Amino acid sequence: MDPVTPSLEVARLAFAYPDGHQALFGVDFTVARGERVALLGPNGAGKTTLVLHLNGILTGGTGTVKVAGLPVGKKHMTEIRRRVGIVFQDPDDQLFMPTVREDVAFGPATAGLKGAELEARVDRALEQVGMADFKDRPPHHLSFGQRRRVAVATVLAMEPEILVLDEPSSNLDPASRRELADILRSLDVTVLMVTHDLPYALELCPRSLILSEGVITADGKTGQLLADDTLMRAHRLELPYGFDPRSVPSAVDRSR
Ligand SMILES: Nc1ncnc2c1ncn2[C@@H]1O[C@H](COP(=O)(O)OP(=O)(O)O)[C@@H](O)[C@H]1O
Ligand SMILES: [Mg+2]
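Cut-off values and rules
Residues numbered from 1 in each chain as written. Chains lettered and ligands numbered in written order. Predicted model: local features only at pLDDT ≥ 70, side-chain atom pairs only at ≥ 80, totals over all residues. Heavy atoms only, no water. Buried < 20%, exposed > 50% of the residue type's maximum accessible area, 1.4 Å probe, protein only. Helix = DSSP H or I, 4+ residues; strand = E, 2+ residues; numbered from the N terminus. Pairing = 2+ DSSP bridges. Axes fitted to C-alpha atoms, helices over the stretch in contact; angles between N-to-C directions. Contact = heavy atoms within 4.5 Å. Polar contact = N/O pair within 3.5 Å; in protein donor to acceptor, adjacent residues only side chain to side chain. Near = heavy atom within 4 Å. Areas by Shrake-Rupley, 256 points an atom, 1.4 Å probe, with all protein chains shown as cover. Nonpolar A, V, L, I, M, F, W, Y, C, P; charged D, E, K, R; others polar. Core = buried A, V, L, I, M, F, W, Y, C linked by side-chain atoms within 4.5 Å. Phe/Tyr/Trp six-rings, centres within 6.5 Å; stacked < 30°, edge-to-face > 60°.

> Break down the pairing of strand β9 (residues 207–212) for me, with residues and values.
In terms of residue burial, β9 counts as a mostly covered element, since six of its six residues are buried. Across the two faces of β9 the burial is the same, with Arg207, Leu209 and Leu211 and Ser208, Ile210 and Ser212 all buried. Across four bridges, strand β3 (residues 36–40) lies against β9 in parallel orientation. Directly across from alanine 38, in β9, lies its bridge partner serine 208.

> Go over the sheet that holds β3 with me, naming the residues and quoting the values.
Across a sheet, strands are paired by hydrogen bonds formed along the backbone, either parallel or antiparallel in direction. On the basis of which strands lie adjacent, the open sheet formed by six strands has the order β6-β7-β8-β3-β9-β10 and mixed pairing. Of all strands in the sheet, those bounded by a partner on one side alone are β6 (84–87) and β10 (215–221). Taking the axes of each pair of neighbouring strands and ignoring which way they run, one obtains an average angle of 20° across the sheet. Here four bridges tie β6 to strand β7 (residues 162–166), and the two strands are oriented parallel to one another. Among the inter-strand pairings, glycine 85 is bridged to a residue of β7, identified as leucine 163.

> I'd like a rundown of the pairing of strand β1 (residues 8–16), residues and numbers included.
Note that β1 and strand β2 (residues 22–31) share seven bridges and pair antiparallel. The partner of valine 10 across the bridge, within β2, is phenylalanine 29. Between the antiparallel neighbours β1 and β2 lie five residues, among them glycine 20 with a positive phi of about 95°. Examined bridge by bridge, β1 and strand β4 (residues 62–67) share five bridges and lie antiparallel to one another. Bridge assignment links alanine 14 to a residue of β4, and that residue is threonine 62.

> Tell me about the sheet that holds strand β5 (residues 70–71), residues and numbers included.
In spatial order, the strands read β2-β1-β4-β5; together these four strands make up an open sheet with antiparallel pairing. Every other strand in the sheet has two partners, leaving β2 and β5 as the edge strands with one partner each. Together, β1, β2 and β4 form the strand contacts of helix α1 (residues 47–54), whose direction differs from that of β1 by roughly 120°.

> Any chance you could break down the side chain of serine 7 for me, citing the residues and the numbers?
Secondary-structure assignment places serine 7 in the segment before β1. Looking at serine 7, its side chain comes within polar contact range of the side chain of threonine 190, at 2.8 Å.

> Explain the site of ligand 1 residue by residue, including any values.
Neighbouring ligand 1 are the residues Tyr17, Asp19, His21, Ala23, Pro42, Asn43, Gly44, Ala45, Gly46, Lys47, Thr48 and Thr49. Between glycine 46 and ligand 1, the recorded distance is 3.0 Å, taken from a backbone N or O atom to an oxygen atom. Relative to its unbound accessible surface of 560 Å², ligand 1 loses 63% to contact with the protein. Counting residues per element, the shell around ligand 1 draws most heavily on α1, which supplies three residues. A breakdown of the residues in the shell around ligand 1 according to their chemical character gives four nonpolar, six polar and two charged.

> So what about the nonpolar core? Which residues, and what values?
Judged by nonpolar contacts, the single largest core of 47 residues is most densely connected at Leu40, Val104, Leu163 and Leu184. When residues in this core are grouped by element, the largest group, six residues, is from helix α5 (residues 144–156). Ignoring anything within four residues of it in the chain, the contact list for leucine 163 reads Gly85, Val87, Val155, Leu156, Leu184, Leu187, Val189, Thr190, Val191 and Leu192.

> Help me get a handle on the packing of aromatic side chains, residues and values and all.
For the structure on display, the rule yields two aromatic pairs. Judged by centre distance (5.0 Å) and plane angle (85°), the rings of phenylalanine 15 and tyrosine 17 are edge-to-face. On the basis of relative accessibility, which here comes to 27%, the residue tyrosine 17 falls in the partly exposed class. With 5.3 Å between their ring centres and 80° between their planes, phenylalanine 96 and phenylalanine 106 make a pair best called edge-to-face. Residue phenylalanine 96 is located in the loop between β6 and α3 (100–110), and its partner phenylalanine 106 is located in helix α3; the two are separated by 10 residues in the primary sequence. With relative accessibility at 40%, the residue phenylalanine 106 sits in the partly exposed group.

> Give a detailed account of the environment of alanine 23, specifying residues and quantitative values.
Note on placement: alanine 23 falls in strand β2. In this structure alanine 23 comes out as buried when scored by relative accessible area, which is 11%. In contact with alanine 23, other than residues within four places in its own chain, are Phe15, Ala16, Tyr17, Ala45, Gly46, Thr49 and Gly214.

Here you go:
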């Protein structure tokens, strides 16, 4: 059998902001198709900067990013934006149409889908996040947790190669946090999830990366990284009070 091209390959990626502040110092990692990987690291580590490179929102640094073998760059930008679905931290940055349906249809319609095919795409994406009953509602009348699910649907409607989430559990109440976890676990898509919520990483992602001061300083099984007190302390990663990663079953790796 042919080896499958990885969903994401990041090689020697370095980047300085226009004010001269260098945020990434040579980032290297690969995410295989179907993997769910958590990206951990303290504030200011460069996580968002890295995410913004995955679909070419930020460019101009050195190194390469490839999505399913396709290099991120001007030449393939439309295709890259379709393949990399980014769910931003604030759903209100992503939802701007009068109804849920129009928000979810926006991307695929822009990509040329029409009629029954477009409706089917919208329905499927909304079903995947359990929001089919909210199709004709205005997004701004939904709860925060529901808006985040619709934001995930807007991205799933593009049938992305990789789903990238920046702090998916932030600002969610415990029930919404649980519902989103169930949804993410049910999806058959490669996931890269930036999070400060370490139990969420353990529950959802068999593998984690630690980004610290602009480089990947650890890459391994989430349970093993979280149980390494020295590593955790060195990167200002704190488990919730009383949480013992050794006593929790780790996420199951479906990619191998
Ligand atoms: N627009 C910007 N201009 C200059 N520096 C920035 C900008 N955005 C972020 N930074 C700096 O880059 C570093 C990485 O930031 P960021 O990627 O947001 O980290 P994280 O998401 O891990 O908290 C930080 O030191 C931050 O202050
Ligand atoms: Mg950030």
